[in-house]
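Overview (structure and organization)
Each chain, letter by letter, is given below.
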Amino acid sequence: MSKRILCVPFDPVHDVGIKIIKNELDKNGHHTELLSPDLSPEVIVKIASKGNYDFILVSRTLGYGVAEMLARFVDMLDAAGVREKSKIVIGGKPITPELAAELGFDKGFGEHSSLEELLAYIEGREVKQAGTGLHRTKKDITSKYDYRFKHTEIGSLLDSIANKLITFTADKTSPGVERAKIRAEIFTTQDEAKKKVLLSDYYSLCDEVIVEGNTKKNFVKGVREVTAQEIINLNSFLGRSQPLNPYKIQYNEKQPLLFKFLGSGCPIMDITHAKVCERYGIDGFLIINPSWEARYEGLLQGCLTHENDGTITSFENIKLMRESLDESTLLTVRAHRGLNTPETVLLAGKAGADLAKINLVYGSLGAGTDPVRLAVDGVEAIKLAARYNMPFDIPGNDELSGVPAWKTLAGLLINVMVGIKLGAKPILKPLFCYGPHIVINGMMKQNFIDYNAAKVYALREIVNAPIWPGEPIAFMTQSEERVQSANATSYHASLAASTGVDAITVASTDEAYSRGPICITSRIDSIRAISDAFRFVGDAKFATTSQADYFTEDLINKITSTLREVDSKENLTAAIYDGLLGNKEDGAYPGKFGYGTVN
Amino acid sequence: MKTIGVIGTAKNTGKTTTLSFLMKGFFSREVPVGLTGIGYDGEDVDNITNLPKPRLFLEENTFAATSEKCLITSGADYELIAETGLQTALGKISLVRITKPGLMVIAGPNTKEGLAEVTDLFRNKTSAGLLLVDGSLNRLSPMYILEKLIFTTGASRDTNISGLAAEMSFIEKVFGFKLNTDIPDGKELSIKVKSSEGETALDTYSLVDEDDLALLINQLNDKTEKVYLPGLFSHRFLGKNLMKIFERIRKPAEFVFNSPVQLLLTDESANLSFLLSQFAKNNISISYRYKPELSAITINPFYPNIKNYSYEAAYINKDEFLHQMTQALHTPVFNIYEPGADKIFNLL
């Protein structure tokens, strides 16, 4: 039934909102009258009392003393008898239901209200609430790709490199591979006595510090068990915090998924941050472990907190995080470096994680693991990723050490081919960054667009595989100023959307400068900045210059020649030792952890 | 059941603190208390200034009328006594009895009709010996139906102590006019003119512009005895046109307003002050259809100081404040954090 509505812009300037609302109400068959924005409260009250309005809609922004003025206005409407026949409604950006109640209005609509909610209220019907939760389905980043190599020479070089690597590792094992096998058996065995023996075998392959932690709870400095009360508090928080009206970051279905890091050290804090980020529309998270965890043989067990950077990737921690997240939220676990790569992928798979982060090349060159050890462990890890149906994402962060982009991309492509051969689903993660090699050689002197876009274009011309720039995007373009950081991140995100990639990893605005755990508001900063950027760019695209075409061709040529050189070697590990995928001049060194441990 | 309202002259003048003090005092005196409010109160952080706020702690066997969303988040346990059909921006209002003490946010009826309905509910469905009604911001309008009012004032309204004392003294004067019950009660808000020849109801609720004034003046003459002005009027407009009204009446007469609250519905007390002085000068007396008692005044030296575009806590001299207020007013004044504040219970 049509309603009579008086629209009151109770503000000398800001009457845009009420005009939009008036138009919407008119379109829906209601009779509206819009007052001019310069009337005194007494005159407005008189008009309201003379006419037979069902609703008086008041629009007002808040400033110093405005709350008292609005409350007085409500009193005047009350004194004039208007409330006996009309509902009094307030609308404005900062209005919440609580504030509306405090000011004496019957209803309030704010920034987070929809026109549909207002219409439903006016028409006296229930708002179509979606209910609590995120209401989205889990996305498979790899689903639309067939991994066909379009560049035949690169495809054939990679085929050869991958075959040699797989052959090289076929008859080899390591403590890391063996531990993963034992842990897999522990998961399946029901026999407690056998479990004990298996555990003892497991500990025989671990460093003392890990055995001490697991058997005597004598943990490394800063590590302790999460208390029962902390879990109770977490569950209580999870029970209370189901989002009612979650944001959506992407403006259209083609725009990339958004991932953030979790690695405060405390799984409870990570989960708390993650739940807030979910509410703001984030699609997935990457668990980042402590750097020391990669250096020890063996993993700590239990639900553990770590008072320093990096969250321990024990089975229990991964499981707790996975179970606390919405079913649709993707979770990837970092396993690309260190001495526990296969075991971490196993635990991720068992705990229900969706992806694992593996890079045989970067793990050796930029993250300190012996190339032979990581070759053996990495191949096993990729097999496990395939077994647990977890796509694996391949971060190209060696570029941040100073490695040229074409060598990094060649490394990513080697991982892709190994993955394909082992039945896994790899994801390319080129960097969208102002990396050292780019700074020195001036590839971004003209703009930040051409070279980043060229990496995507080059990979596209080589293989039909998913692309997920990271890690995070905008690395080295952010500063301590949060607004600047949010802006820089959102520009890179827009470029990513414009190039049609599948996902991006974004940092919080204080990621590099927090001097401790990052704060939740700075996580939201970058998410909201990107939401706006996605809305802004929509289905439009950045125009690259002719330089991007040159960069694309140059990258493909240099990737080809790099792979030719790699293929000329006995196997991948020899190529890494010889610096073909990054050398000392680039700032990359073959790692030492796990040297001599492969049998 | 006595009904007592707590009204603030502005936000942060100490309504919640006064209310909490009264609830605690009545609880220790074993008087069952009912509690409701015309807005929203008891939250931990102020909706506007983001400064921490005192919260409302409800003891066992307190009765409360509040909105659905406030009950969901209540820290106190309660049993439902009755649901009302009254809606607020936070859902339907229910009447409950507290079974386990705890914090509760109060968001009750926001209109005088709603407050009257809830008051009846407390009377008929609970054993409350008195009902405390929490004001909201500077809102007054629904409170005139209550029996007693406590005003809270403080530095949040004005940091000038003599200005605060003058304002409260003026409010006290407004509450000083007599009660007049010879005009029948009813929902009709039309302006009425009573003369020796009978009573006429005007076709207007308000007195805010020339049209309204023309209607009124047309009915006034030297036989006019009373003018009943129950609805909205503009203090400034009426002030500007008083002489036109007095010229028509030209003898002592009476203006009946709905309540002192109606006179106080202005942001400019200078206009009201002028109005009252002109009424007195022209032998026009003032009376009210409803008149709650101004029982006490509580004061709060706190104010949110605006600094660097945000708010911070600040205070004026509390002793000087209490001294000047006590000197200026006949109504008892209390700083509830100071000795002697318990005497307020003797007045209620």
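Residues numbered from 1 in each chain as written. Chains lettered and ligands numbered in written order. Predicted model: local features only at pLDDT ≥ 70, side-chain atom pairs only at ≥ 80, totals over all residues. Heavy atoms only, no water.

Examining the overall build of chain A
Of regular secondary structure, chain A possesses 23 helices and 16 strands. Projected onto the principal axes, the alpha-carbon positions of chain A cover approximately 95 × 65 × 40 Å. Residues counted as buried form 58% of the 599 residues belonging to chain A. At a minimum sequence separation of 6, the contacts of chain A that also span at least 24 residues come to 78%. (Helix = DSSP H or I, 4+ residues; strand = E, 2+ residues; numbered from the N terminus. Buried < 20%, exposed > 50% of the residue type's maximum accessible area, 1.4 Å probe, protein only. Contact = heavy atoms within 4.5 Å.)

Some thoughts on the packing of helix 6 (residues 152–170) of chain A against helix 17 (residues 405–421) of chain A
Residues and elements named next belong to chain A. At their nearest, the axes of helix 6 and helix 17 sit 9 Å apart, and the two run at 65° to each other. With respect to their mutual orientation, helix 6 and helix 17 come out roughly perpendicular. Classified by chirality, the crossing of helix 17 by helix 6 is right-handed. The segment helix 6 lies against helix 17, with Gly155, Leu158, Asp159, Ile161, Ala162, Asn163, Leu165 and Ile166 engaging Leu413, Ile414, Met417, Val418 and Lys421. (Axes fitted to C-alpha atoms, helices over the stretch in contact; angles between N-to-C directions. Parallel < 35°, antiparallel > 145°, perpendicular 65-115°, else oblique. Left-handed = near helix turned anticlockwise from the far one by under 90°.)

Concerning the interface of chain A and chain B
One frequent convention defines the size of an interface as the accessible area lost when the parts assemble. The partner chain B presents 44 residues to the 32 residues of chain A that form the contact. A combined buried area of about 3,300 Å² lies between chain A and chain B, and 52% of that area is made up of carbon and sulfur atoms. Here chain A and chain B share 5 salt bridges between them. Seen at the junction of chain A and chain B, the total is 12 residue pairs in polar contact (both at pLDDT 80 or more). Of all elements in the fold, only helix 2 (41–50), helix 3 (66–79), helix 4 (97–103) and strand 5 (107–109) of chain A reach the threshold of two or more residues within the side of chain A that touches chain B. (Buried area = accessible area lost by both parts, 1.4 Å probe. Salt bridge = Lys/Arg side-chain N within 4 Å of Asp/Glu carboxyl O. Polar contact = N/O pair within 3.5 Å; in protein donor to acceptor, adjacent residues only side chain to side chain.)

Topic: the environment of Ser136 of chain B
When you line up the elements, Ser136 of chain B lands in the loop between strand 8 (130–134) and strand 9 (148–154). For the pair Ser136 of chain B and Gly37 of chain B, spaced 99 residues apart in sequence, the C-alpha to C-alpha distance is 7.4 Å. Ignoring anything within four residues of it in the chain, the contact list for Ser136 of chain B reads Glu102 and Leu103 of chain A together with Lys15, Ile38, Gly39 and Tyr40 of chain B.

Overview of the pairing of strand 12 (residues 392–395) of chain A
Residues and elements named next belong to chain A. Here strand 12 shows two buried faces, one formed by Phe392 and Ile394 and the other by Asp393 and Pro395. As judged from the 2 bridges shared by strand 11 (residues 355–357) and strand 12, these two strands associate in the parallel manner. Bridged to Ala356 within strand 12 is Phe392. Note that the unit made of strand 12, helix 17 and strand 13 (residues 426–429) has a crossover that is right-handed. (Pairing = 2+ DSSP bridges. Right-handed = clockwise from strand over helix to strand, strands pointing away.)

Things to note about the domain arrangement of chain B
Residue and element names in this part refer to chain B. According to the domain assignment, chain B contains domain 1 (2–175 + 292–347) and domain 2 (178–288). For domain 1 and domain 2, the distance between their C-alpha centres works out to 31 Å. Taken over both partners, the interface formed by domain 1 and domain 2 buries close to 1,100 Å², and the fraction arising from carbon and sulfur atoms is 80%. Contact with domain 2 buries area across many residues of domain 1, yet Leu140, Phe170 and Val174 alone supply 49% of it, more than any other trio. Where domain 1 meets domain 2, there are 0 salt bridges. Run the count over domain 1 and domain 2 and you get 1 residue pair in polar contact (both at pLDDT 80 or more). Looking at the side of domain 1 that touches domain 2 element by element, the count peaks at 3 residues for helix 4 (residues 161–174). (Domains from an automatic or database assignment.)

Quick notes on the environment of Tyr290 of chain B
All names here are of chain B. Within the secondary structure layout, Tyr290 lies in the loop between strand 15 (284–288) and strand 16 (293–300). Residue Tyr290 is classed as partly exposed on the basis of its relative accessible area of 22%. In this structure, the C-alpha to C-alpha distance between Tyr290 and Asp212, residues 78 residues apart in sequence, is 24 Å.

Details of the pairing of strand 1 (residues 4–9) of chain A
All names here are of chain A. When you tally the buried positions in strand 1, you get 5 out of 6 residues, the bulk of the element. When strand 1 meets strand 2 (residues 31–34), the two strands line up parallel, connected through 4 bridges. When the bridges of strand 2 are listed, Leu6 appears paired with Glu33. Bridge analysis of strand 1 against strand 3 (residues 55–59) gives 5 bridges, and the strand direction is parallel. Residue pairing in the sheet places Leu6 in a bridge with Ile56 of strand 3.

Details of the packing of helix 2 of chain A against helix 3 of chain A
All names here are of chain A. Direction vectors running N to C along helix 2 and helix 3 enclose 40°, while the axes themselves pass 10 Å from each other. Of the two elements, helix 2 crosses helix 3, and the hand of that crossing is right-handed. Facing helix 2, whose interface residues are Pro41, Glu42, Ile44, Val45 and Ala48, helix 3 presents Phe73, Met76 and Leu77. Broken down by class, the residue content of the contact of helix 2 with helix 3 amounts to 7 nonpolar, no polar and 1 charged. (Nonpolar A, V, L, I, M, F, W, Y, C, P; charged D, E, K, R; others polar.)

A few points about the packing of aromatic side chains
Geometry of an aromatic ring pair is reported as the spacing of the ring centres plus the angle between the planes. Counted according to the given criterion, the structure contains 22 aromatic pairs over all chains. Geometrically, the ring pair formed by Tyr451 of chain A and Phe551 of chain A is edge-to-face, given 4.8 Å between the ring centres and 90° between the ring planes. With a gap of 100 residues between them, Tyr451 of chain A in helix 19 (residues 449–462) and Phe551 of chain A in helix 22 (residues 546–568) connect regions that are remote in the sequence. Feature note: the residues Phe233, Phe246, Phe255, Phe257 and Phe279 of chain B constitute an aromatic cluster, connected by ring pairs. (Phe/Tyr/Trp six-rings, centres within 6.5 Å; stacked < 30°, edge-to-face > 60°.)

Concerning the sheet that holds strand 5 of chain A
All names here are of chain A. The parallel open sheet is built from 5 strands, whose spatial order is 2-1-3-4-5. Edge positions in the open sheet fall to strand 2 and strand 5, since each of these has one partner strand only. Adjacent strand axes in the sheet meet at a mean angle of 20°, parallel and antiparallel pairs treated alike. For strand 3 and strand 4 (residues 87–91), the ladder comprises 5 bridges, and the chain directions are parallel. Within strand 4, the residue paired with Phe55 across the bridge is Lys87. Against the sheet, helix 1 (residues 16–27) makes contact with strand 1, strand 2 and strand 3, and its axis sits at roughly 160° relative to strand 2, the strand it touches most.

Some words on the pattern of salt bridges
Side chains that carry opposite charge are capable of pairing whenever their charged atoms lie near each other. Overall, the coordinates contain 51 salt bridges over all chains when judged by the stated rule. Two residues, Glu230 of chain A and Arg224 of chain A, come together in a salt bridge whose shortest N-O distance is 2.9 Å. With a relative accessible area of 34%, Arg224 of chain A lands in the partly exposed category. Residue Lys223 of chain B pairs with Glu197 of chain B through a salt bridge whose shortest N-O separation is 3.8 Å. Residue Lys223 of chain B is located in the loop between helix 5 (210–219) and strand 13 (224–229), and its partner Glu197 of chain B is located in the loop between strand 11 (192–195) and strand 12 (198–201); the two are separated by 26 residues in the primary sequence. Exposure remark for Lys223 of chain B: the relative accessible area of 37% places this residue in the partly exposed category. Here the salt bridges share partners, and the residues they tie into one network are Arg179, Arg183, Glu297, Glu343, Arg373 and Asp377 of chain A.

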